[in-house]
Amino acid sequence: MSRKAQAVKLLDEQGRRVDGRLPDEMRPLKIEVGKLKNADGSAYVELGNNKVIAAVYGPREVVPRHEALPDRALLRCRYSMLPFSVAERKSPQPTRREIEISKVVREALAPAIFLEEYPRTAIDVYIHVIEADGGTRTASIIAAATALADAGVAMRDLVAAVAIGKIGEVLVVDINGLEDQYGDGDMPIAMMPQLGEVTLLQADGVFKPEEIKRALEMASKHIRYIHSVQVRALKETYAKVEEGEVVG
Ligand code: ADP
């Protein structure tokens, strides 16, 4: 374990993490669907202390028109962290990190969408991080995929994501802000849960090939759970619609 990780004691003698979790334990996950009336689809996600909202508009006309694609929809994603989402005020200007996350979130979602069903249109996904505590890109993917389903966009599968971290030699699931800052590795993984295909795999830190294999197994187990929470949240919303309650 790195000296920094030892100093903040990321793992105690009982193998518990800074927030009391075991290595293979995710933070509590809550998903609410259809909260935004003016979007075609929306989802609010709480993953531990992370609070993220995703809004989907479209498929709709492409502006500017020259960006339209003749054979498929143009998928645009914008991830942004609100100024008050972190302890020290963040400038509202898009940072390089936000531009990078917007790109990886788009690439994690695109394989799941039947973009070819909507030629010459745009599907816009706006993601706002209201509070951040490590894992906002994975929470954003969970929120965005659920919001796309809420918008009725045709999809092969949902997309769910979780980050596997490394503290010393120990792999831990769903790392929080402290573990991200002082830990020894961070591997965000997104998958189409039912198809079992990986749509995002990033890694920061040093992982042995055997650890990568184990990280993927760990992630796919938790992704199956996240998928069940996404499906439950979507079903609850539509049950309310069937009962005649106006949602979103
Ligand atoms: P992710 O949120 O996907 O883990 P990073 O690994 O880049 O993405 O960031 C880890 C965490 O660092 C974020 O979740 C957030 O808690 C914190 N963080 C990121 N950017 C800032 C910032 N500008 N100011 C303070 N904290 C930040």
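Each remark here, short or long, concerns the structure printed above.
Let us look at the structure shown here. All figures in this text were calculated on a predicted structure; none of them were measured in a lab. Residue numbers here run from 1 along each chain, matching the order of that chain's written sequence. Predicted model: local features are reported for residues with pLDDT of at least 70 only, side-chain atom pairs are reported and counted for 80 or more only, and whole-chain, interface and lining totals are derived from all residues. Water and hydrogen atoms play no part in the side-chain values, which are based on all heavy atoms of the structure.

1. Observations concerning the overall build of the protein chain
This is how the line gets drawn: In this text, helices come from DSSP runs of H or I with a minimum length of four residues, and strands from runs of E with a minimum of two, each type numbered from the N-terminal end. Radius of gyration means the value over C-alpha atoms here, while the globule rule gives 2.2 Å times the residue count to the 0.38 power. Exposed residues in this analysis have more than 50% of their type's maximum accessible area, buried residues have under 20%, and partly exposed residues fall in between, with area computed by a 1.4 Å probe over protein chains only. Here, two residues are considered to be in contact whenever any of their heavy atoms come within 4.5 Å of each other. Each accessible area value is a Shrake-Rupley result obtained with a 1.4 Å probe; residue values ignore everything except the protein chains displayed when judging cover.
Within the protein chain one finds 5 helices and 10 strands. For a compact globule of 248 residues, the expected C-alpha radius of gyration is about 18 Å, and the protein chain comes in at 18 Å, within 12% of that figure. Principal-axis analysis of the C-alpha atoms gives the protein chain an extent of 55 × 40 × 35 Å. By the burial criterion, 48% of the 248 residues in the protein chain qualify as buried. A fraction of 68% describes how many contacts in the protein chain between residues 6 or more apart in sequence connect residues 24 or more apart. Only carbon and sulfur atoms are counted for the fraction: they give 52% of the accessible area of the protein chain, which is about 12,400 Å².

2. Details of the side chain of Thr-199
This is how the line gets drawn: N or O atoms closer than or at 3.5 Å make up a polar contact, with two conditions inside protein: a donor-capable atom paired with an acceptor-capable one, and, for residues adjacent in sequence, both atoms drawn from side chains.
Locating Thr-199 in the fold gives a position in strand 9 (residues 197-201). A distance of 2.9 Å separates the side chain of Thr-199 from the backbone oxygen of Ala-108, its partner in a polar contact. Those residues in contact with Thr-199, other than ones at most four positions away along the chain, are Glu-107, Ala-108, Pro-111, Val-159, Ala-190, Met-191 and Met-192.

3. Looking at the site of the ligand
The test is simple: Nearness is judged by heavy atoms alone; a residue qualifies as near a molecule or strand once a single heavy atom is within 4 Å of it. Residues are grouped as follows: nonpolar covers Ala, Val, Leu, Ile, Met, Phe, Trp, Tyr, Cys and Pro; charged covers Asp, Glu, Lys and Arg; every other residue, Gly included, is treated as polar.
Looking at the ligand, the residues that line it are Met-81, Val-86, Arg-97, Ala-132, Asp-133, Gly-134, Gly-135, Thr-136, Arg-137, Asp-180 and Asp-186. Here Gly-134 contributes a backbone N or O atom positioned 2.7 Å from an oxygen atom of the ligand. Looking at the shell around the ligand residue by residue, the classes come out as 3 nonpolar, 3 polar and 5 charged.

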